[in-house]
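Remarks on the overall topology
Below, each chain spelled out in residue letters.
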Amino acid sequence: MPKVKETVLQLDLTALEHNYRHLRSKLDHGVKFMAVVKAFAYGSDAQKVALHLQSLGAEYFAVAYTKEGVALREAGVTRPIMVLHPQELHLEDIVDHCLEPSLYSHHILSAFLKMAGEKGFKDYPIHLKFNTGLNRLGFCERDTVHLLEMARQNPAVRVASVLSHLAATEDPAEREFTLQQIHRFHNIQKRMTEALPAPCMAHLLNTSGILNYPQAQYSMVRSGIGLYGYGNGADEDLQMRPVATLKTIVAQVHHLEAGESVGYNRAYTSSEKRTTATLPLGHADGIARIYGHGRGQVMVNGQKAPIVGNVCMDMLMVDVTGIPCKEGDEVLVFGPGHTAAAFAEGAGTISYELLTGISQRVARQYHYGPQDADP
Ligand SMILES: *Cc1c(COP(=O)(O)O)cnc(C)c1O
């Protein structure tokens, strides 16, 4: 890769392919793969990622909100796209773009049935989401009676799948709770799939679920973070490859005397001679203020440089005392060798939040294969 000349998010499509195949290798024969590409494919580029995964054979896509699904259709994604959190306001857009809603309450289900009836649809695919303990969205187990009746009486729709979401698949301490959730889902999907007039899929597992609860794959799994190279655990991370690498450059170097302060609110004061580098990267790019005061560390010429003081909107300053560097030098914020998970942990947060926060102001660059190979 040529050296960067500005802040860029480099996306390695070979790593994406590696992660996809790795996760896929964990699945039993015939289990479908739903690629979760919500939130700009976890802060990368939903269109590019979805088209690549479509070409690799991902059977289904999931987005959180309707407009994310519309953007995928416009980009040429032809496989089914499930909308995890449809809102009443956007039901027309859903059907206009052949998106499939995951319906989670009587209110939203009735609204969808009304529209589907009025439009004279037949067998429009819908998904029914059940709450098994996350207590976020979903019908409860006793709703199955009513839902089965609805399915029998409404030729306008067809229940394509039933799903639920697990609360703590990455946490071994919550294994008992997770097994309870799986048990609840097992009963629900059994009741539904046995009584529905047409074949119906069932899906429950997210990335950590695929890795830790392979017995609960049912007909499909939903994976997001794993595709982008993070498995919610050090061992798993070793088998995956980060797709996103955030790089920037040194904009200027400052030599401080003892007692000088750096940045807004004079949040850092040097107690001795120090050297700082200013980077063209700030909270408007997705490096939140929480990473200030040394909680975030970047790599400058192979050495760790902590962020000093407060992160500004468009810039931040790092301590490069003792690290040879000059204006224009490349800086690794996170990526292979200095992962988003490790960067996020310094501030008590998670890779999901860091990755999805990288703003649209940061240019995206695409490449195939490791950073030091020629594209
Ligand atoms: C975001 C999301 C996923 C993907 O979870 P990962 O941990 O990123 O694999 C799966 N299912 C639902 C319902 C989600 O909201």
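Residues numbered from 1 in each chain as written. Predicted model: local features only at pLDDT ≥ 70, side-chain atom pairs only at ≥ 80, totals over all residues. Heavy atoms only, no water.

**Overview of the site of the ligand**
- Near the ligand lie 14 residues; those nearest to it are K38, Y42, T207, I225 and Y352.
- The contact in question runs from a nitrogen atom of the ligand to an N or O atom on the side chain of H165, over 3.4 Å.
- In isolation the ligand offers 390 Å² of accessible surface; the protein chains occlude 94% of this area.
- Spatially, the ligand is embedded in the largest pocket.
- Here the residues of the shell around the ligand are counted per class, giving five nonpolar, five polar and four charged. (Near = heavy atom within 4 Å. Polar contact = N/O pair within 3.5 Å; in protein donor to acceptor, adjacent residues only side chain to side chain. Areas by Shrake-Rupley, 256 points an atom, 1.4 Å probe, with all protein chains shown as cover. 1 Å grid on protein atoms, 1.4 Å probe; cavity = no way out; pocket = protein on both sides within 12 Å on 5 of 7 lines; lining within 4 Å. Sits in = over half its atoms within 2 Å of the grid points. Nonpolar A, V, L, I, M, F, W, Y, C, P; charged D, E, K, R; others polar.)

**Here's the deal with the sheet that holds strand β16 (residues 303-308)**
- Reading across the sheet, the nine strands line up as β11-β14-β17-β16-β15-β18-β10-β1-β19 and stay open at both edges, with mixed pairing between neighbours. The strands lining the two open edges of the sheet, one partner per strand, are β11 (252-256) and β19 (363-367). For this sheet, the mean angle separating the axes of adjacent strands, direction not counted, is 35 degrees.
- Alignment of strand β1 (residues 8-12) against strand β10 (residues 244-249), held across four bridges, turns out to be antiparallel. Its bridge partner being in β10, Q10 is matched across the sheet by T245.
- In the packing of helix α1 (residues 13-24) onto the sheet, contacts are made with β1 and β19, and the angle to β1 comes to roughly 45 degrees. (Pairing = 2+ DSSP bridges. Helix = DSSP H or I, 4+ residues; strand = E, 2+ residues; numbered from the N terminus. Axes fitted to C-alpha atoms, helices over the stretch in contact; angles between N-to-C directions. Contact = heavy atoms within 4.5 Å.)

**Observations regarding the packing of helix α7 (residues 144-153) against helix α8 (residues 175-195)**
- Across the interface, α7 lies against α8 with an axial gap of 10 Å and an inter-helix angle of 25 degrees. Taken as axis vectors, α7 and α8 run roughly parallel relative to one another. With respect to the hand of their crossing, α7 and α8 are arranged in right-handed fashion. Two secondary-structure elements touch here, α7 through T144, L147, L148 and R152 and α8 through I188, R191, M192 and A195.
- The residue inventory of the contact of α7 with α8, partitioned by class, reads five nonpolar, one polar and two charged. (Parallel < 35°, antiparallel > 145°, perpendicular 65-115°, else oblique. Left-handed = near helix turned anticlockwise from the far one by under 90°.)

**Describing the pairing of strand β5 (residues 100-103)**
- What you see with β5 is no split at all: E100 and S102 on one side and P101 and L103 on the other are buried throughout.
- Both strand β4 (residues 81-83) and β5 contribute to a ladder of two bridges, which runs parallel. Looking at β5, one finds that V83 is bridged to P101.
- Note on the crossover from β4 through helix α5 (residues 91-96) to β5: the handedness is right-handed.
- Of the pairings in the sheet, the one linking β5 to strand β6 (residues 124-130) comprises two bridges and is parallel in character. Bridge pairing in β6 places L103 opposite L128.
- For the crossover from β5 across helix α6 (residues 106-118) to β6, the handedness is right-handed. (Buried < 20%, exposed > 50% of the residue type's maximum accessible area, 1.4 Å probe, protein only. Right-handed = clockwise from strand over helix to strand, strands pointing away.)

**Let's talk about the domain arrangement of the protein chain**
- Its domain assignment divides the protein chain into domain 1 (13-228) and domain 2 (244-367).
- Here domain 1 and domain 2 have C-alpha centroids that lie 37 Å from each other.
- Each side of the interface is counted separately: domain 1 has 10 residues, and domain 2 has nine residues.
- Carbon and sulfur atoms supply 58% of the area buried between domain 1 and domain 2, which totals about 910 Å² over both sides.
- Contact with domain 2 buries area across many residues of domain 1, yet Y42, G43 and I225 alone supply 44% of it, more than any other trio.
- Where domain 1 packs against domain 2, one counts zero salt bridges.
- Where domain 1 meets domain 2, there are four residue pairs in polar contact (both at pLDDT 80 or more).
- Mapped onto the side of domain 1 that touches domain 2, the elements with two or more residues apiece are α1 and α2 (38-43).
- Taken together, the residues that form the side of domain 1 that touches domain 2 break down as five nonpolar, three polar and two charged. (Domains from an automatic or database assignment. Buried area = accessible area lost by both parts, 1.4 Å probe. Salt bridge = Lys/Arg side-chain N within 4 Å of Asp/Glu carboxyl O.)

**With respect to the packing of aromatic side chains**
- For the coordinates displayed, the defined rule picks out nine aromatic pairs.
- Considering the side-chain rings of Y20 and F33, the 5.0 Å spacing of their centres and the 70 degrees angle between planes classify their relative orientation as edge-to-face. Of this pair, Y20 sits in helix α1 while F33 is found in strand β2 (residues 32-36), placing the two residues 13 residues apart along the sequence.
- Given a relative accessible area of 2%, Y20 falls into the buried group.
- Joined through ring pairs, the aromatic side chains of Y42, Y228 and Y352 make up one cluster.
- Here K48 stacks its cationic end above the ring of Y366, 4.4 Å away from the centre of that ring. (Phe/Tyr/Trp six-rings, centres within 6.5 Å; stacked < 30°, edge-to-face > 60°. Lys NZ or Arg CZ within 6 Å of the ring centre and 35° of its normal.)

**Considering the side chain of S44**
- Here S44 lies in the loop between α2 and α3 (46-56).
- Residue classification places S44 among the buried residues on the basis of a relative accessible area of 6%.
- Apart from residues no more than four positions distant in its own chain, S44 is found in contact with L9, L11, V49, Y228 and R364.

**What about α7?**
- Among all positions in α7, only T144, L147, L148, M150 and A151 are buried. Angular distribution of buried residues about the axis of α7 spans 155 degrees; they occupy a single face of the element. For α7, the exposed residues lying more than 90 degrees away from the buried face are V145, R152 and Q153.
- Considering only its buried residues, α7 is in contact with α6, β6, β7 (157-164) and α8. (Arc of directions from axis to C-beta.)

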